[in-house]
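Here's the letter readout for the chains.
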Amino acid sequence: MKNPLNVKSEIGKLNTVLLHRPGKELENLVPDCLDRLLFDDIPYLENAIKEHDEFARIFNENGVEVIYLEDLASEAIANGKVREKFIDDFLDESSVVGEGSRETIKEYFDSLSNSELVDKMMAGIRKTEIKNHKIHSLSDMLDCDYPFILDPMPNLYFTRDPFAIVGNGVCINHMRTETRNRETLFAKYIFEYHPKFKDVDIPIWYNRDERYSIEGGDILILNNEVMAVGISQRTDSAAIEKFARNILWSDSGFKTVLAFDIPKKRAFMHLDTVFTMIDYNKFTIHPEIEGPLTVFSITKSVHGKEKLSIEKEESELEDILMKYLKLDKVSLIRCGGGNIVDAAREQWNDGSNTLAIAPGEVIVYGRNYITNRILEDNGIIVHRLDSSELVRGRGGPRCMSMPFSREDI
Ligand SMILES: NC(=O)NCCC[C@H](N)C(=O)O
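Residues numbered from 1 in each chain as written. Predicted model: local features only at pLDDT ≥ 70, side-chain atom pairs only at ≥ 80, totals over all residues.

1. Description of the overall build of the chain
Scanning the chain from terminus to terminus reveals eleven helices and 19 strands. Computed over the C-alpha atoms, the radius of gyration of the chain is 21 Å, within 12% of the 22 Å expected from 2.2 N^0.38 for a compact globule of 409 residues. For the C-alpha atoms alone, the extent of the chain along its principal axes is close to 70 × 50 × 40 Å. Here the chain holds 409 residues, and 45% of them are scored as buried. Within the chain, contacts between residues separated by at least 24 positions form 72% of all contacts whose residues are at least 6 apart in sequence. (Helix = DSSP H or I, 4+ residues; strand = E, 2+ residues; numbered from the N terminus. Rg over C-alpha atoms; globule rule 2.2 N^0.38 Å. Buried ≥ 20, exposed ≤ 12 C-beta atoms within 10 Å, placed from the backbone. Contact = placed C-beta atoms within 7 Å.)

In C-alpha cells form, the structure reads like this:
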C-alpha cells in the first residue's frame, strides 16, 4: 500500500490537511480551569464553528483535501477489540478518580457508537450528564466538588501539535502538559489501526512514550534536507536530540536540524508562533525573538554511528538561513512591521502564525491587518480568515492544521 504521507517543505502546494472541527469541548471550559487547560478565554462555540468552517472552505476552494481528526479516529477503532483497548488506554491516561468512576464512564462509553464515543472523549463528561446512568462512585455524586467526571480536550482544534508529519513519517509527540498528552493517543491509534495507514510502513521519528517533550508547533520543515525545531516552552532540547538522531540517521534525506532557542514564555509557546516560512526565501518573524535567538545546527557526526555533531551558529539569522537553504537572499518579514506595540498585539493574535498553501500563498487571520498588508507588499498572496473566537485558544492557521501531503518543491 502506498504511503499517503509526504511533507518535505513548509510551502509546497498543499494537497491534504488534517483539521478538527471544534466541538462541545469548548463548552466545557470554565474560568477556574482555563490556565490548566491552556486557554485565555472561553470561545463562543457556534461562532467558532462558523469560523472554522470558513477555514475549511478556503482549503476546499484552493484544491486542498480536508480530512478530520474525529473521522480518522472513529474509523481507526472500527474493530471491537481495538475500540476496547482504546477506551482502556484513554481512561488510564485521563486522571479518572477511582475504580467506581472508571466503571461509570466505561458503561456510558459502551452505549455510544464509534463516532459518538470519539466526540464524547473529546468533549469530556459533566457529572450532571451521567445522572441517569448507573453511578458507581461517591465522588461522581458530588457536583460541587469538581463538575467533570472526565476533563474536556479543548486544544484539539490545534491539530499541529500532538503529532507532526515529517517527510514520509510521523513524530508522535510527548506533550509538555497532561492536558494535551491525551491528544496524542488519537495519533497512536490512527497510525496503528486506520485502514489507510495500518499496512503501510510508516517511520515513527519520535514516540509518545519518550520521556522528553516535543510539540508539533516547534517543528518546521524548511526543505527536504533541513528542518528547524524550536527549543521552547513546550519542547525540550533532549527531545530534539533524540528526534534528530532518529531522522538524520535514517534514509529520510534530512541532513540538518537547526535548533532555534527561543524565549520560554506563553506568548511564544512554539517556534511557529514567532517564525513561519511562507515562500522559498521569505519568512515571517516576531521581532521580539531576534535579539535573544540562538541557533544550533545538528548534523550526523563522523565520529560514529548514531552520533550527532552540534555547533552553535554565530551569524545573523538571515545568513544562517541563506547558508543552510542555499539561497542568495532571505527576507524576514516582521510582524506588526517591527513597531513594538503592533508587533506584540498582532503576534498575540497569531500574526506570525501563517500557513502556506503554496509557495508565496498563505492563510492568515484577517485581524492582523498591519502584518497582512506588509505580506502583500512583499508579493505574498494572502487569504484572510476572520476570527474573534478561534483566536481565543492562542493559535492561528498553522496551529490549526496538520499537512498530510504537499507537492515536492
Ligand atoms: N502551534 C501552536 O502554537 N499551537 C497553539 C496551541 C494553543 C493551545 N492553547 C496551547 O496552549 O497548547
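Next comes the rest of the account.
2. Observations regarding the site of the ligand
The ligand sits among 16 residues. The nearest are Leu-38, Gly-217, His-270, Gly-395 and Cys-399. When the residues that make up the shell around the ligand are grouped by side-chain class, the tally is five nonpolar, six polar and five charged. (Near = placed C-beta within 6 Å. Nonpolar A, V, L, I, M, F, W, Y, C, P; charged D, E, K, R; others polar.)

3. Concerning the packing of helix α2 (residues 69-76) against helix α5 (residues 114-123)
Where α2 meets α5, the axes come as close as 9 Å, and the angle between the chain directions of the two elements is 125°. Between α2 and α5, the crossing angle belongs to the class labelled oblique. The chirality of how α2 crosses α5 is right-handed. Taking contact as the criterion, the partners of Glu-70, Ala-73 and Ser-74 in α2 are, on α5, Asn-114, Ser-115, Val-118, Asp-119 and Met-122. Here the contact of α2 with α5 is built from residues that sort into three nonpolar, three polar and two charged. (Axes fitted to C-alpha atoms, helices over the stretch in contact; angles between N-to-C directions. Parallel < 35°, antiparallel > 145°, perpendicular 65-115°, else oblique. Left-handed = near helix turned anticlockwise from the far one by under 90°.)

4. Re the sheet that holds strand β15 (residues 331-334)
Across the sheet, which stays open at both edges, the three strands sit in the order β11-β12-β15 with mixed pairing between neighbours. The open sheet is flanked by β11 (275-279) and β15, the only strands paired with a single partner. For this sheet the average axis-to-axis angle between neighbouring strands, irrespective of direction, equals 30°. Pairing geometry for β11 and strand β12 (residues 282-285), over four bridges, is antiparallel. Across the sheet, Thr-276 pairs through a bridge with Thr-284, a residue of β12. (Pairing = 2+ DSSP bridges.)

5. A few points about the pairing of strand β5 (residues 163-166)
Burial along β5 is two-sided: the face carrying Phe-163 and Ile-165 and the face carrying Ala-164 and Val-166 are both buried. Here β5 runs beside strand β6 (residues 169-172); their pairing, made up of four bridges, is antiparallel. Bridge pairing in β6 links Ala-164 to Cys-171. Counting the residues in the hairpin turn of β5 and β6 gives two residues, including Gly-167, whose phi is positive at 65°.

6. What about the nonpolar core?
In this structure, Val-166, Val-170 and Cys-171 are the most contacted members of the largest nonpolar core, which totals 105 residues. Apart from the residues lying within four places of it in its own chain, the contact partners of Cys-171 are Phe-163, Ala-164, Val-166, Trp-205, Tyr-206, Ile-214, Ile-219 and Phe-243. (Core = buried A, V, L, I, M, F, W, Y, C linked by C-beta atoms within 7 Å.)

7. Quick look at the sheet that holds strand β17 (residues 361-365)
Here we have three strands laid out as an open sheet, ordered β16-β17-β18, and mixed in their pairing. Where the open sheet ends on each side, the last strands, each with one partner, are β16 (355-358) and β18 (381-385). Each neighbouring strand pair of the sheet contributes to a mean axis angle of 30°, computed without reference to strand direction. Across three bridges, β16 lies against β17 in antiparallel orientation. When the sheet's bridge partners are listed, Leu-355 is paired in β17 with Ile-363. Across the sheet, helix α1 (residues 45-61) is in contact with β17 and β18; its angle to β18 comes to roughly 155°.

8. As for helix α11 (residues 369-377)
Along α11, the residues classified as buried are Thr-371, Asn-372 and Leu-375. In an axial view of α11, the angular spread of the buried residues amounts to 100°, which keeps them on one side of the axis. Exposed and oriented more than 90 degrees from the buried face of α11 are Arg-373, Glu-376 and Asp-377. Elements that come into contact with the buried residues of α11 comprise β15, α10 (340-348), β17 and β18. Backbone geometry just downstream of α11 places Gly-379 in the positive-phi region, at approximately 85°. (Arc of directions from axis to C-beta.)

9. Here we look at the packing of α2 against helix α7 (residues 183-193)
Close contact between α2 and α7 brings their axes to 9 Å; oriented N to C, the two are set at 60°. On the basis of their axis angle, the class for α2 and α7 is oblique. The crossing of α2 and α7 is left-handed. Listed contacts from α7 to Leu-69, Leu-72, Ala-73 and Ala-76 of α2 are Phe-186, Tyr-189, Ile-190 and Tyr-193. By residue class, the composition of the contact of α2 with α7 is eight nonpolar, no polar and no charged.

10. Comments concerning the pairing of strand β1 (residues 14-19)
Note that β1 and strand β19 (residues 402-406) share four bridges and pair antiparallel. Directly across from Leu-18, in β19, lies its bridge partner Met-402. In the sheet, β1 pairs with strand β2 (residues 65-68) via four bridges, with the strands oriented parallel. Among the inter-strand pairings, Val-17 is bridged to a residue of β2, identified as Val-66. Read from β1 through α1 to β2, the crossover connection turns out right-handed. (Right-handed = clockwise from strand over helix to strand, strands pointing away.)

11. Concerning the environment of Val-341
Mapped onto the secondary structure, Val-341 falls in helix α10. Residue class for Val-341 comes out exposed when judged on the 8 C-beta atoms lying within 10 Å of it.

12. Quick notes on the UniProt feature "active site" (unreviewed entry) in the chain
Under the local residue numbering, the UniProt record ascribes the feature "active site" (unreviewed entry) to Cys-399. Looking at where Cys-399 falls in the secondary structure, it is placed in the loop between β18 and β19. Setting aside residues no more than four positions away along its own chain, Cys-399 makes contact with Phe-158, Arg-160, Gly-217, Asp-272 and Asn-353. (UniProt positions renumbered as here; feature names shortened; annotations may be inferred.)

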